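Listed below are the residues making up each chain.
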Amino acid sequence: MPSVAVVGATGAVGELMRQVLIERKFPFKRIKFLASPKSAGKTLTFDGTTYPIEPISAEAFDGVDLVLSSTPASISREYSPIAASAGAIVVDNSSAWRMDPDVPLVVPEVNADALLQIRKGIVANPNCSTIQMVVALKPLHDFAGIKRVIVSTYQASSGKGATGLNDLDAQISAIGKGEPVPAHTAHVARLAGNVLAHDWKLGEEGYTEEEWKMIKETRKIMGDETIQVSPTCVRVPVRIGHSEAVNVEFHRPITVQQARELLAKAPGVVLLDNPAQGEVPQPLHCEGQDHTYVGRIRPDHSVPHGLNLWVVADNLRKGAATNAVQIAQELLNRGLLGRR
Ligand code: 2RA
């Protein structure tokens with residue numbers, strides 16, 4: 001059984017990774033929890049046992065086989081190579097390594113075999129908005145070949161961690177009491193009663209960095225650089241759960257019924273597609289769940305072979321913590337831990 005270290009153990013995703021490890025009864029011989037100096041020195045309870053929170057340091061990775069890391073990219077760039085050189089495989093939630101050609105970018109339901117190409121001892125966990133989309137796209141791509149994806153996202157405030165969540169709660173509470181809305185801290189502008197199409201750092205050609213992630217990560221995970229992706233990412237006043245309107249153009253014919261049948265049996269997908277009965281995926285359905293919910297499947301007659309989908313998932317679980325633990329389970333099942 002592996003020796004495990006959870007880095008960033010006290011953050012929103014780190015806390016959920018701890019919870020998912022327990023839920024999935026992930027086996028380990030030892031476990032330790034590392035965090036920034038701000039949290040180090042405190043304790044936390046994991047599965048009924050109290051553990052010290054240790055400061056991140058090179059020595060902390062001695063003897064560790066698996067690192068589950070959720071830290072800012074800068075911290076990951078510094079420490080993930082140190083952990084890997086100590087013999088661990090690092091599953092990293094940050095954006096630091098995702099586009100590195102020597103680092104697999106993995107969604108287990110889509111490209112688990114990429115784990116056979118770990119050349120730096122690091123595996124990258126994709127961006128939450130990408131993960132849920134490729135889980136839904138994978139069965140359809142295998143059947144009809146995807147030519148182009150146009151996606152509009154409706155992303156929850158928790159995408160900015162606990163600060164994003166607390167920000168929105170405070171703004172909504174103030175509005176409810178008729179009090180002045182507190183200044184935002186996590187967002188570029190007030191979110192309550194608003195939507196923000198500029199809530200991320202601006203990248204090239206007027207696209208945000210979030211949108212560039214969806215373009216580049218989708219191609220890497222799907223293993224097809226010909227897939228065209230045209231995203232618009234928007235922050236909405238939702239606490240947990242990203243929603244996405246996904247328009248897909250295929251190379252080959254695919255009917256709505258065929259898509260429904262493929263998605264109904266696809267790994268990681270729950271088909272919820274009966275709008276007449278009000279059965280449409282909603283963030284409230286998905287909070288605390290690990291599946292990707294797909295519904296509102298419609299033909300798109302504006303192109304020869306097109307479909308529209310509505311895709312919703314818990315951005316903190318399947319979008320981050322659960323996907324990371326699923327990668328760890330794949331590493332364990334493939335005998336890839338403890339061999340470096
Ligand atoms: C967001 N996907 O939602 C980004 C990072 N979690 O803000």
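On a predicted model such as this, the values are computed, not experimentally measured, just so you know.

Trainee: Account for the UniProt feature "binding site: substrate" (unreviewed entry) in the chain, naming residues and giving values.
Mentor: In the UniProt entry, the feature "binding site: substrate" (unreviewed entry) is given for Gln155, Glu209 and Arg235. For the annotated residues, spread through 81 residues, the largest C-alpha to C-alpha distance comes to 14.1 Å, consistent with a single compact locus. With respect to the helices and strands, glutamine 155 occurs in strand S8 (residues 146-155). Looking at where arginine 235 falls in the secondary structure, it is placed in strand S9 (residues 228-235). Classification of arginine 235 by relative accessible area gives buried; the value is 1%. Contact partners of arginine 235, with chain neighbours within four places excluded, come to Gln155, Ala156, Ser157, Gly159, Lys160, His187, Leu191, Val195, Leu196, Asp199, Trp200 and His242. A distance of 2.6 Å separates a polar atom in the side chain of arginine 235 from the backbone oxygen of alanine 156.

Trainee: Outline the site of the ligand, listing residues and values.
Mentor: Close to the ligand lie Asn127, Cys128, Gln155, Gly159, Trp200, Glu210, Arg235 and His242. Between glutamine 155 and the ligand, the recorded distance is 3.1 Å, taken from a side-chain N or O atom to an oxygen atom. Arginine 235 places a polar side-chain atom, nitrogen or oxygen, 2.6 Å from an oxygen atom of the ligand. Here the ligand loses 81% of its free accessible area of 240 Å² to cover by the protein chains. Among the residues making up the shell around the ligand, the classes are represented as 2 nonpolar, 4 polar and 2 charged.

Trainee: Provide a residue-level description of the domain arrangement of the chain, including the pertinent values.
Mentor: Interface size is commonly expressed as the accessible surface area that is lost when the partners come together. By the assigned domains, the chain splits into domain 1 (3-125 + 320-333) and domain 2 (130-315). The gap between the C-alpha centroids of domain 1 and domain 2 is 25 Å. Listed as interface residues are 18 residues of domain 1 and, on the opposing side, 16 residues of domain 2. Carbon and sulfur atoms make up 65% of the area that domain 1 and domain 2 hide from each other, which totals about 1,400 Å². Its largest share of buried area at the contact with domain 2, domain 1 owes to Leu105, Glu109 and Val110, together 38% of the area lost on that side. Across the domain 1-domain 2 interface, the total number found is 2 salt bridges. The closest approach of N and O atoms between arginine 98 and glutamate 217, which form a salt bridge, is 3.2 Å. At the junction of domain 1 and domain 2, the tally comes to 6 residue pairs in polar contact (both at pLDDT 80 or more). Those elements that provide at least two residues to the side of domain 1 that touches domain 2 are helix H1 (12-23), helix H3 (108-111) and helix H9 (317-333).

Trainee: Tell me what's going on with the pairing of strand S6 (residues 89-92), and back it up with residues and numbers.
Mentor: In S6, alternate side chains face the same way, and those of Ile89 and Val91 on one face and Val90 and Asp92 on the other are all buried. Note that strand S5 (residues 66-69) and S6 share 4 bridges and pair parallel. Paired with valine 67 across the two strands is valine 90, which belongs to S6. Crossover connection from S5 via helix H2 (residues 73-85) to parallel S6: handedness right-handed. Sheet topology places S6 next to strand S7 (residues 122-124); 3 bridges connect them, and they run parallel.

Trainee: Provide a residue-level description of the sheet that holds strand S1 (residues 3-7), including the pertinent values.
Mentor: Strand pairing in a sheet relies on backbone hydrogen bonds. The paired strands run either parallel or antiparallel. If you walk across this open sheet you meet the 7 strands as S3-S4-S2-S1-S5-S6-S7, and the pairing is mixed. Of all the strands in the sheet, the pair left with one neighbour each is strand S3 (43-46) and S7. Pairs of neighbouring strands in the sheet enclose a mean axial angle of 25 degrees, with direction left out of account. H1 rests against S1, strand S2 (30-35), S3 and S5 of the sheet, and its axis sits at about 30 degrees to S3. In the packing of H2 onto the sheet, contacts are made with S5, S6 and S7, and the angle to S6 comes to roughly 155 degrees.

Trainee: So, the environment of serine 70: which residues are in play, and what are the values?
Mentor: Structurally, serine 70 can be placed in the loop between S5 and H2. Measuring from C-alpha to C-alpha, the distance between serine 70 and alanine 35 comes to 9.6 Å, with 35 residues separating the pair along the chain. Look past the residues within four positions of serine 70 in its chain and what remains in contact with it is Val7, Gly8, Val13, Gly14, Met17 and Asn93.

Definitions and cut-offs
- Residues numbered from 1 in each chain as written.
- Predicted model: local features only at pLDDT ≥ 70, side-chain atom pairs only at ≥ 80, totals over all residues.
- Heavy atoms only, no water.
- UniProt positions renumbered as here; feature names shortened; annotations may be inferred.
- Helix = DSSP H or I, 4+ residues; strand = E, 2+ residues; numbered from the N terminus.
- Buried < 20%, exposed > 50% of the residue type's maximum accessible area, 1.4 Å probe, protein only.
- Contact = heavy atoms within 4.5 Å.
- Polar contact = N/O pair within 3.5 Å; in protein donor to acceptor, adjacent residues only side chain to side chain.
- Near = heavy atom within 4 Å.
- Areas by Shrake-Rupley, 256 points an atom, 1.4 Å probe, with all protein chains shown as cover.
- Nonpolar A, V, L, I, M, F, W, Y, C, P; charged D, E, K, R; others polar.
- Domains from an automatic or database assignment.
- Buried area = accessible area lost by both parts, 1.4 Å probe.
- Salt bridge = Lys/Arg side-chain N within 4 Å of Asp/Glu carboxyl O.
- Pairing = 2+ DSSP bridges.
- Right-handed = clockwise from strand over helix to strand, strands pointing away.
- Axes fitted to C-alpha atoms, helices over the stretch in contact; angles between N-to-C directions.

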